[in-house]
Amino acid sequence: MPANTVEDGDGEVSTSSATGHIVVVENLMGLGGAPLPESIKAELAAEFPPSLASDGEQQVAIAVHLEAALAVAAGDEATAFADYVEPDEPTGEVSGLGLFCDTGWRERTISKTKSLNGFGYDLNESIGHFNGTLDVNVPISGQAGFDFRYAFKKSRLCVPYAVKFINTRAWGELDLNGTLLSAQGSLSYQNDWRKTLGDIFNYGQTFFIGPVPVHVGLKMPVGVGFQFAASASGSIDVSSAGAGTLRFDYTCDLSSCSRTPGTRTSDFAFSNLASPTFTGGASVQVDAKPYAFLELKAYLYDEWFASAGLGIEASAPTRFWYALGQVCGDANADGVLDSVNGGFVDVQGQLSLYYFYKVAGQGDWDWIDWPFGDVLPGTWRVHDTQELLRGKQPFKSLRLTLMFQPIGPSGAIHPLSPMVSGPKSPGVNTAASYTLTPRECVPLPEPVDFRINWADGSAQTNVSGATATASHTWATADSRNVTFTALKDSAGRNFNRATTRTLTAVATVPPPVPAAINVPAQDNDGTFTVTWSSTPNTLDYDLEEKKGSGTWVARASQPETSFPITGRVFGLYQYRVRACNAYGCSGWLTSSTVQVGTPPAAPTLTVRSQLCHGWNDLSWTAMPGATEYRLYSSTTNNPAGSTMVSQGAGTTYTLNVSGTTYLWVKACNGAGCSAVSASKVASVTQGCL
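Heads up: these notes are all about the structure in this document. All of these numbers come straight from a predicted model, not from anything done at the bench. The numbering scheme is per chain: residues are counted from 1 as the chain's sequence reads. Two thresholds apply to this predicted model, a pLDDT of at least 70 for residue-level local features and 80 or more for giving and counting side-chain atom pairs, whereas whole-chain, interface and lining totals are computed over all residues. Side-chain measures here rest on the full set of heavy atoms in the structure, leaving out hydrogens and waters.

### Re the overall build of the protein chain
Phase 1: Note on conventions: DSSP H or I runs of at least 4 residues are helices, E runs of at least 2 residues are strands, and numbering of each starts at the N terminus. When its secondary structure is counted, the protein chain shows 5 helices and 49 strands.
Phase 2: Type-normalised accessible area, obtained with a 1.4 Å probe on protein chains alone, sets the label of each residue: buried when under 20%, exposed when over 50%, and partly exposed for intermediate values. Burial analysis of the protein chain (689 residues in total) assigns 47% to the buried set.
Phase 3: Should any heavy atoms of two residues lie within 4.5 Å, those residues are counted as being in contact. Considering only intrachain contacts with a sequence separation of at least 6, the fraction spanning at least 24 residues in the protein chain is 69%.
Phase 4: Using the Shrake-Rupley algorithm and a 1.4 Å probe, accessible areas are obtained, with residue cover drawn only from the displayed protein chains. Of the roughly 29,700 Å² that the protein chain leaves accessible, carbon and sulfur atoms contribute 49%.

### Some points on the nonpolar core
Phase 1: Counting 46 residues, the largest nonpolar core has Phe148, Tyr150, Val163, Val214, Leu300, Tyr301 and Phe305 as the members making the most contacts within it.
Phase 2: Sort the elements by how many residues they give to this core and strand S12 (residues 212-230) lands first, with 6 residues.
Phase 3: Excluding residues within four positions of it along the chain, Phe148 makes contact with Arg108, Thr109, Ile110, Phe165, Asn167, Thr168, Val216, Leu218, Ala298, Tyr299 and Leu300.
Phase 4: As used in this record, nonpolar core signifies buried Ala, Val, Leu, Ile, Met, Phe, Trp, Tyr and Cys residues forming a set joined through side-chain atoms within 4.5 Å. In terms of nonpolar packing, the next biggest core, distinct from the first, is built from 30 residues, Phe404, Ala470, Val482 and Ala505 among them.

### Quick look at the state of the cysteines
Phase 1: By disulfide we mean two sulfur atoms from cysteines, separated by a distance within 2.5 Å. Under the criterion given, the structure shown has 5 disulfides.
Phase 2: Between the sulfur of Cys101 and that of Cys158 lies a disulfide, 1.8 Å long from S to S. Because the sign of the S-S torsion sets the handedness, a value of about 100 degrees for the bond joining Cys101 and Cys158 places this disulfide among the right-handed ones. Of this pair, Cys101 sits in the loop between helix H5 (77-80) and strand S5 (105-116) while Cys158 sits in the loop between strand S8 (141-154) and strand S9 (160-175), placing them 57 residues apart in sequence. The same class applies to Cys101 and to Cys158, which are both buried.
Phase 3: A sulfur-sulfur separation of 2.0 Å characterises the disulfide bridge that pairs Cys328 with Cys441. As the torsion about the S-S bond is roughly 105 degrees, the Cys328-Cys441 disulfide counts as right-handed. Here Cys441 lies in the loop between strand S24 (432-437) and strand S25 (448-453) and Cys328 lies in the loop between strand S18 (318-325) and strand S19 (340-359), a separation of 113 residues in the sequence.

### Topic: helix H4 (residues 66-74)
The α-helix winds at 3.6 residues per turn, so residues separated by three or four positions along the chain end up facing the same way.
Phase 1: Within H4 the residues assigned to the buried category are Leu66, Ala68, Ala69, Ala71 and Val72.
Phase 2: Downstream of H4 by a residue or two, Gly75 has a phi angle that is positive, lying close to 80 degrees.

### Comments concerning the sheet that holds S24
Phase 1: Judged by pairing direction, the sheet is antiparallel, and its 3 strands sit side by side in the order S23-S24-S27 without closing on themselves. Looking at the sheet topology across the chains shown, the edges are occupied by strand S23 (419-421) and strand S27 (468-472). For this sheet the average axis-to-axis angle between neighbouring strands, irrespective of direction, equals 25 degrees.
Phase 2: A pair of strands counts as paired when DSSP detects no fewer than two bridges linking them. Of the pairings in the sheet, the one linking S23 to S24 comprises 3 bridges and is antiparallel in character. Bridge pairing links Ser421 to Thr435 in S24. Only C-alpha atoms enter the line fits that serve as axes; for helices the fit covers just the stretch in contact. Angles between N-to-C directions range over 0 to 180 degrees.

### Points about the environment of Ser339
Phase 1: Tracing the backbone shows Ser339 in the loop between S18 and S19.
Phase 2: With 15 residues separating them in the primary sequence, Ser339 and Leu324 have C-alpha atoms 7.1 Å apart.
Phase 3: With sequence-adjacent residues up to four places away left out, Ser339 is seen in contact with Gly325, Gln326 and Ile413.

Printed below as a string of structure tokens:
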């Protein structure tokens, strides 16, 4: 701008001894207060959209030569400014007849191109709440350029008297050549540090359009910055490098930037990552972002009057997050909040675009949604970004996962394990639905790929989404430990953390009767096993026992199909089994008998004659385990043809025989009888002695 600027109403007036007065108009209010003729104000009012009259937004900047405007309003500009009369040149524009000119705006373009050779910056000092080292090495090569568009206005008599800013096109093709971003040091809660290092290109041109002096400036400032926010003190170490080619082409006016049609970008990547670390307290989140930026800025007169441009920021956003305690929900739905212990370090490569503008000292800047998502390699994604401190509204940037590392002690419940909701006891042959979500405490918003192992021999199920649902049908009733694993998210972060739930499938009808029950026919020591066949859709089997002719007594209720029996004493035993589930039980299946114990040994028989006719006294030894004794007699010495004489628990007997009689005795119990004793003879005495 020329020197000697003073305030005059709502318009800015600049004076110069050589050129006269220049009136700057940036909105309708300023136009109304400017010292311009009413006819000129009426003509210029059409340049300001009516929607801007009340909200004060500033998107138009016009510089008017005051003396020329006064002469135009009086109709004598051709005399007062005879040296500046410029008949329309044959540019295809509509021209007046003779010396008359069209009163519309004439657009012109100034184009410049600059080759880039890189820049770097090293900082080793305290920056607010960061104390450490920030290193940036940006060996960018390639080209960037401007097409700066402005316009000027003539009177009917061909005297130029006003100039305005239209837009600037910023374009480039940059090779990053291993751009390095690195930050190391200690930090506390939050900070935002940004430094412009200088201009790698600075072009200015001053010229006259008629009596109106015009200055056009084009700049390419570069710089570095570091943002962080933390909920606890600690130290950070993050480093990454960018490589590849970035192509951009944007047109920026005094309110926004838009992608020039037909332009795209590709082949951009980060590499050479040093292992990032963070040390600090538990239950903490730390966000850090070292970055470098390049801006392409164009202005009319000076940056205060009218300027606009495009910024490109390459950064390495890094997040350290850790959770400890009952802060992340009940993932396995057991009614108790999980006590988690774990976290992650997440380092991303990010490429962002932003625009900026200023009119009469007032302006703004904001991020530009990334426009090239349809042509990027698969490892990149368009990401909804919320900046730490300079964020404004969320915007879409280009993101690539450089490194993601879950951390935490082995065996602990990790917060990256998924939340699972669904029935704990699904019905057999009925589809049961389960919903998987990341834990709400985890600050990672991308959709997740999940895998489910149903633990019944069926194929694993893979589902994806911020909320993912899977259904499964169990063929038989059983209890299984089903594993729900969060594999990775759509950003390429590998989680591989699982939640295990015990699910018990139940039938919707009672199960059938077991097909078989097995017991030994005889057991000597009272220890044996009862087994039975399995049945489908069964949760538990009921087993009962009966001794002799007694009543049935419950022995077991279990999912297994065998039960050990111990401590049974001598006797006959029977068992019965039935299958049960939530809907009832089958009928009973009864076993054959089990004889517990062995037959006693044969006793020793003694016969003593009373010496009175055929009376004889018999006795035998008592045998362990015997419950009764059986006495046999025969006229021949052959027990096979003998006849049982008596049966009972006693060990004596009196027998009257009529002749020589052979006798035997057996000891018996529930397991059977012994062999016969050695034979003895009962005799007859004639008379009584």
